[in-house]
Amino acid sequence: MTAQRASLLAALLVAAHLLLALSYSLWNPAGEAPDEADHWAFVVYLAQERRLPEGAWMTQSKHPPLAHIGAALLASLAEPGFTFLRANPDVSIQPRANWSPNFFIHTSLEAWPWRTDVMAFHLARLWSVLLSTATVAAVYGLARTVWLQQPGLAVTATGVVAFLPEFAFIGSAINNDTAAALFGTLALWGGLAIYRAGGDWRAGWWTPLALGLGLLSKVSTASLWPAIGLAIVFGAARAHQSVFLSDSRGSGGAPRLSPLAPRWLLSGLIVFVPALLIASPWLLRNWRLYGDLTGMELVRQTIDLRTTPWTWGDTLWLLEGWFVSFWGKFGGAGHIPMAGWIYWLLAVLTVVSVVGFVRSWRRRTPDDRIVLVLLATAAVSVVVGVWQYSLTALGTDQGRLLFPALGALAILWVEGLHCWPPTRWRAYFAAALLAFLAGLSLYGLLGVIRPAMAPPPAIDPSSLPRAVESITFGELALVDWSFDEAVKLYWRSEQPPTQDWRTTLRVVAEDGSLVWEWRRSPGYGRWSTDRWPAGVVVEDVYIVGWPDWAGPGRYLVEVGLQPYDGAYATPVRGGQAVEGVFTQLGWWERP
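Residues numbered from 1 in each chain as written. Predicted model: local features only at pLDDT ≥ 70, side-chain atom pairs only at ≥ 80, totals over all residues. Heavy atoms only, no water.

A look at the overall build of the protein chain
Helices and strands together make up the secondary structure of the protein chain, namely 16 helices and 12 strands. On the principal axes, the C-alpha backbone points of the protein chain span a range of 115 × 60 × 50 Å. For the protein chain, buried positions account for 53% of its 591 residues. Considering only intrachain contacts with a sequence separation of at least 6, the fraction spanning at least 24 residues in the protein chain is 74%. Of the roughly 25700 Å² of accessible surface on the protein chain, 63% is carried by carbon and sulfur atoms. (Helix = DSSP H or I, 4+ residues; strand = E, 2+ residues; numbered from the N terminus. Buried < 20%, exposed > 50% of the residue type's maximum accessible area, 1.4 Å probe, protein only. Contact = heavy atoms within 4.5 Å. Areas by Shrake-Rupley, 256 points an atom, 1.4 Å probe, with all protein chains shown as cover.)

Written out as structure tokens, the structure reads:
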């Protein structure tokens, strides 16, 4: 494959990722990505207050602010706010009957055409889409530096990142992982360019900027600094060796030894000192406010701290979580997986890649081997950094945390796979691999996220268990109910509802004391009432949380209905208004 054709294909892959990430951004409901609501809160504060928050009251303020500043600038074109984000009290991380995987109740406020704060939210998401798209382009530059004579492999690695389901998912949501991926990839590209140029910093002139901006985006990018340092030293040593050999062959006397230290020292200073200066305002602010450069004391106040010693079981948990969610695991807590066989297939491909890497290693020149070692060093450094953080924090089993080394991981994976097919079939193999990953990304959006966030199925009115006199609450009517192991309510829309209605179910003891109460959007929060068509019937199931003191006996079940931010509706039964806001549905005999 010629370099010109490879560049054209890479450009097409960049465009394809842009369309894919935009699709995820449009179709994945607002707030349904890891920590997205918290990141949005940081963005809104920056847009409204024009300054950084202090203290632990805002969880994501523990992070450097660069990615959020960019999102805030775009969001400020509209009206950043929170009116559309309405928490779902029925969210469940573990799949179960009547599963509600959505963290938020998605009302018609989020519908197109977007307005005010919803428009601002999508503009902030657009910032991540642009960053992730730039990352794909940067991966091509990095891969071309790795495989100088094999542009086809660079295209394959670029396609792997472009169609990685998790990267399309994270790259379409508000976070700082996409910025870490971009600047991490740019830094590695620059470091390898410096190595290829014999330690000359001018070949990777953008490296100080990438390292500094990376540190201003996410602290984990600092894990790449050792690999960049080694690239400079190895590059200088490579140049030194070339001079030594040239002199020894060109004269009869002793070779002239060019000093090694000045080259690597000069390049190192030019790369790392400006990077530190770029990040210094944030580092010094942390020192002034929290007593340490990275603000780790603030971090401890905003995370779930590990309270038990690390075990081998924790190691297996971490490795499994990284692998599964690196390829694709969706939802606000990374709790919605793809089909299990997909991960098994990817695991097989990864094992084949590892074996192939050993096989390919023997065919590589010493120069190329050093490049691969530098990539592996970068990947291992990021892994070790996240593992060390895992000794302190819980919830670190997410593959997105490895994204500073995303380019390195993709290149190493492709390096191990490409050697297996015969030479004449390698282009077909690469095309099939990218087609598989592209299909996987579409499946992640259309076959995993969309069904998980879809409304529960409507109920056939003829299947209702018994006939009772319905109770009308304005736009909605309670047409049936039953008490068994759970309370089941059946709501019907009398007209297309205009309100986001919320039910309040109460269980009251005979002496009048409140036993249990739950307020929710009917249907487990998966289908906001202002999206219901007229005449639809929705089942609403409640699993009562009985307190220890509630023994056998009779308990009164009653229900009320109110708009999200309004007063309770007056219930009407048999054409007569019912006194009080709660309607008694009957007595529940508990054995």
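Let's pick the thread back up.
Details of the sheet that holds strand β5 (residues 487–493)
Spatially, 6 strands are ordered β8-β5-β4-β3-β10-β11 in an open sheet, and the strand pairing comes out antiparallel. With partners counted over all chains shown, the strands left at the sheet margins are β8 (537–542) and β11 (576–577), one partner each. In the sheet, strand β4 (residues 476–483) pairs with β5 via 7 bridges, with the strands oriented antiparallel. Considered in β5, the bridge of Leu476 is made with Ser493. (Pairing = 2+ DSSP bridges.)

Description of a nonpolar patch on the surface
Judged by side-chain polarity, Leu230, Val233, Phe234, Trp264, Leu265, Leu269, Val273 and Leu277 come together as a nonpolar surface patch covering roughly 650 Å² of accessible area. Contributions of two or more residues to the nonpolar patch are made by α9 (225–250) and α10 (260–290). Top contributing element to the nonpolar patch by residue count: α10, with 5 residues. (Patch = residues over 30% accessible without salt bridge, like charges linked within 9 Å, V, L, I, M, F, W, Y side chains within 5 Å. Salt bridge = Lys/Arg side-chain N within 4 Å of Asp/Glu carboxyl O.)

Some details on the packing of aromatic side chains
Scanning the model with the defined rule gives 24 aromatic pairs in all. Relative to Trp518, the ring of Trp516 lies with its centre 6.2 Å away and its plane at 5°, an arrangement referred to as stacked. Pairwise contacts between aromatic rings join Phe167, Phe323, Phe326, Trp327, Phe403 and Trp413 into one cluster. One Lys or Arg, Arg554, reaches over the ring of Trp587 and ends 4.2 Å from the middle of that ring. Here Arg590 stacks its cationic end above the ring of Trp546, 4.3 Å away from the centre of that ring. (Phe/Tyr/Trp six-rings, centres within 6.5 Å; stacked < 30°, edge-to-face > 60°. Lys NZ or Arg CZ within 6 Å of the ring centre and 35° of its normal.)

Topic: the sheet that holds strand β7 (residues 514–520)
Read across the sheet, 4 strands follow the order β7-β6-β9-β12 without closing on themselves; strand pairing throughout is antiparallel. The strands lining the two open edges of the sheet, one partner per strand, are β7 and β12 (583–590). Averaged over all adjacent pairs, the angle separating strand axes in this sheet is 20°, with direction ignored. As paired elements, strand β6 (residues 501–509) and strand β9 (residues 553–563) share 9 bridges and run antiparallel to each other. By the bridge assignment, Val508 is partnered in β9 with Leu556. (Axes fitted to C-alpha atoms, helices over the stretch in contact; angles between N-to-C directions.)

With respect to the confidence of the model for the protein chain
Averaged over every residue, the pLDDT of the protein chain is 92; residues scoring 70 or more account for 96%. Considering only residues more than four positions removed or in separate chains, one finds that residues 251–258, a stretch of pLDDT under 50, has 9 contacts. (pLDDT = per-residue confidence, 0-100.)

So, the pattern of salt bridges
Should their charged atoms come close, side chains of opposite charge can pair. For the structure on display, the rule yields 18 salt bridges. Of the charged contacts in the structure, one is a salt bridge between Asp500 and Arg86, with a shortest N-O distance of 2.9 Å. One end of the pair, Asp500, is in the loop between β5 and β6; the other, Arg86, is in the loop between α3 (66–75) and α4 (116–146), and 414 residues separate them in sequence. Here Asp500 falls in the buried class, since its relative accessible area comes to 4%. Note on Arg86: relative accessible area 11%, which makes it buried.

With respect to the nonpolar core
Within the largest apolar cluster, 93 residues are counted, with the highest numbers of intra-cluster contacts made by Trp147, Leu375 and Trp413. For this core, the element with the highest residue contribution is helix α16 (residues 426–453), accounting for 10 residues. Excluding its chain neighbours within four sequence positions, the residues that come into contact with Trp147 are Leu153, Ala154, Ala157, Arg364, Ile411, Val414 and Glu415. Grouped together as the second largest cluster of nonpolar side chains are 28 residues, Leu505, Val538, Val559 and Leu561 included. (Core = buried A, V, L, I, M, F, W, Y, C linked by side-chain atoms within 4.5 Å.)

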